[in-house]
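Okay, here's what each chain looks like letter by letter:
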Amino acid sequence: MEEKFTQEEQIAIANVLFNLVHADFNSRLGEDDCLKVCLDELGFDAQGFVPVPRNELPPKTYETLKHMDKEKKHAFSRMMTRISRADGHFGYSEQAFVKEILVMSDIPFVHK
């Protein structure tokens, strides 16, 4: 990954991605592995990291995500797509959560 994310951006993205993995309450087979790959791409050390609950994401992450540059937003959107599809099922709960993040943070949908 060519983008260099700030620590604040890394934390915001990690919070969203952790919540996305748990969004559908279904098997996370493949999603956990994909999450680790995405966090490695970010350069984020998740050891000891406790993600915020989903209901706390808006005040703690959306503004940070909204102010990222276009390339970072694309990279982040791509990560959400990869995690959502990692288990072979992009379920309704995952779709709704991803859409919420995209709309609230002015992030384009990247489907590949």
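Only a predicted model underlies this, so the values are computations on that prediction, with no experimental measurement involved.

Draft legend 1. Geometry of unusual backbone geometry. For Asp-106, which is not glycine, the phi torsion reads 55° and is therefore positive. Residue placement: Asp-106 occurs in the segment after α5 (92-104).

Draft legend 2. Spatial organisation of the nonpolar core. Core analysis: the largest hydrophobic core is formed by 32 residues, its most contacted members being Ile-13, Leu-17, Leu-65, Phe-76 and Met-80. Contributions of two or more residues to this core are made by α1 (7-21), α2 (31-42), α3 (57-66), α4 (70-85) and α5. Beyond its immediate sequence surroundings of up to four residues, Leu-17 is in contact with Leu-35, Cys-38, Phe-76, Met-79, Met-80 and Ile-83.

Draft legend 3. Structural detail: the pattern of salt bridges. Scanning the entire structure with this criterion turns up 5 salt bridges. Notably, a salt bridge pairs Lys-72 with Glu-9, separated by 2.8 Å at the nearest N-O pair. Of this pair, Lys-72 sits in helix α4 while Glu-9 sits in helix α1, and the two are 63 residues apart along the sequence. Of the residues examined, Glu-9 reaches a relative accessible area of 9% and is grouped as buried. Here Arg-82 ties to Glu-41 by a salt bridge, and the two come within 3.0 Å at their closest N and O atoms. Placement of Arg-82 in helix α4 and of Glu-41 in helix α2 is noted, with a sequence separation of 41 residues between them.

What counts as what
Residues numbered from 1 in each chain as written. Predicted model: local features only at pLDDT ≥ 70, side-chain atom pairs only at ≥ 80, totals over all residues. Heavy atoms only, no water. Helix = DSSP H or I, 4+ residues; strand = E, 2+ residues; numbered from the N terminus. Core = buried A, V, L, I, M, F, W, Y, C linked by side-chain atoms within 4.5 Å. Buried < 20%, exposed > 50% of the residue type's maximum accessible area, 1.4 Å probe, protein only. Contact = heavy atoms within 4.5 Å. Salt bridge = Lys/Arg side-chain N within 4 Å of Asp/Glu carboxyl O.

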